[in-house]
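Chain residues, written in single-letter form:
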Amino acid sequence: PSSSSKHVRPPSPPPGAPEIQTKMWLTVFLRRRRQMQRLSHSHLLSYANDIISDLLSTRYETNEFSKDLKGFEKENQQGGVDLASGHYKSFLLTQQPPPANLSADEIGLHLLALFYRSIDNRLPSAMRKHGIDTLRRACDKLEFWLKKFEDGDNAESDRCSSS
């Protein structure tokens, strides 16, 4: 962990999570964390801003499972259910711009929370689907920012252009 990390204890997997899924995810997670640690700090913050923007822009969207949400949770002022609420919400990054001292480990907790949400049977299907879709896009965005960093591109140009 970096010195700026808040040293937050990672969440536990959801009850009943298949061990094979958590072991497979650990392999992916460790690879993604190493990739994030390779980024310059400005590229890491640009990546964080990108994934936070994505989460904030999709959290009230509907998906094919949204019909099952009726009555699950009080609707918000935007008329939809917050798909980022519930279990593991406290590990999701939502502050824009991200804190200047944000670490790869803290972003890793965000990715871990998205994965756990995707396999948590306590959550409605729409929230699990949102978790896996958001995680997939976050991994795609990491590839984008890693390529920019490796190509020597400035982190300030083309911010959030990875869709």
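In the block above lies the structure referred to throughout.
A brief look at the structure comes next. (Residues numbered from 1 in each chain as written. Predicted model: local features only at pLDDT ≥ 70, side-chain atom pairs only at ≥ 80, totals over all residues. Heavy atoms only, no water.)

1. Description of the overall build of the protein
For clarity, the threshold we go by: Strands are runs of DSSP state E lasting at least 2 residues, helices are runs of H or I lasting at least 4, and numbering of each runs from the N terminus. Relative accessible area decides the class of each residue, using a 1.4 Å probe on protein chains only: under 20% of the type maximum gives buried, over 50% gives exposed, and in between gives partly exposed. Contacts are residue-level and defined by heavy atoms, with any inter-residue pair within 4.5 Å sufficient. Every accessible area reported is derived by Shrake-Rupley at a probe size of 1.4 Å, with residue values counting cover from the shown protein chains alone.
Looking only at helices and strands, the protein features 4 helices and 0 strands. Sequence-ordered secondary structure for the protein, helices as α and strands as β, is α-α-α-α. Out of the 163 residues belonging to the protein, those deemed buried represent 47%. Here the analysis covers contacts within the protein between residues at least 6 apart in sequence; of these, 74% occur between residues at least 24 apart. Accessible surface for the protein amounts to roughly 8800 Å². Of this, 52% is attributable to carbon and sulfur atoms.

2. Re the packing of aromatic side chains
Cut-off, in case you're wondering: In this scheme Phe, Tyr and Trp rings, the latter by its six-membered ring, pair at centre separations within 6.5 Å, and the angle between planes marks the pair as stacked below 30 degrees, edge-to-face above 60, and tilted otherwise.
In this structure the tally under the stated criterion is 5 aromatic pairs. Taking 6.0 Å as the distance between ring centres and 50 degrees as the angle between the ring planes, the aromatic pair formed by Phe-115 and Tyr-116 counts as tilted. Summarising the burial analysis for this pair, Phe-115 and Tyr-116 share the class buried. Residues Phe-144 and Trp-145 carry aromatic rings whose centres are separated by 5.1 Å and whose planes lie at 90 degrees to one another, so their mutual orientation is edge-to-face.

3. Details of the packing of helix α2 (residues 41–58) against helix α3 (residues 104–119)
Rule in force here: Note on geometry: axes are lines fitted to C-alpha atoms, helical ones only across the stretch in contact, with angles between N-to-C directions running from 0 to 180 degrees. Angular relationships are summarised with four words: roughly parallel below 35 degrees, roughly antiparallel beyond 145, roughly perpendicular across 65 to 115, and oblique for the angles in between. Whether a crossing is left-handed or right-handed is set by the direction in which the near helix is turned from the far one by less than a right angle, anticlockwise for left-handed and clockwise for right-handed. Note on residue classes: Ala, Val, Leu, Ile, Met, Phe, Trp, Tyr, Cys and Pro are nonpolar, Asp, Glu, Lys and Arg are charged, and everything else, Gly too, is polar.
Running from N to C, α2 and α3 cross one another at 25 degrees; their axes reach a closest spacing of 11 Å. The angle between α2 and α3 places the two elements in the roughly parallel class. For the element pair α2 and α3, the recorded crossing hand is left-handed. Contacts between α2 and α3 pair Leu-44, Tyr-47, Ala-48, Ile-51 and Leu-55 from the former with Ala-104, Ile-107, His-110 and Leu-111 from the latter. Taken together, the residues of the contact of α2 with α3 break down into 8 nonpolar, 1 polar and no charged.

4. Examining the nonpolar core
Test applied: By nonpolar core we mean a set of buried residues, namely Ala, Val, Leu, Ile, Met, Phe, Trp, Tyr and Cys, connected to one another through side-chain atoms within 4.5 Å.
Counting residues in hydrophobic clusters, the biggest one holds 35 residues, and the most contacted among them are Trp-25, Met-36, Tyr-47, Ile-107, Leu-111 and Leu-135. Of all the secondary structure elements, the ones that give two or more residues to this core are α1 (19–38), α2, α3 and α4 (125–150). The element that contributes the greatest number of residues to this core is α3, accounting for 10 residues. Discounting residues that sit within four places of it in the chain, Tyr-47 has contacts with Met-36, Leu-39, Ile-107, Leu-111, Ala-138, Lys-141, Leu-142 and Trp-145.

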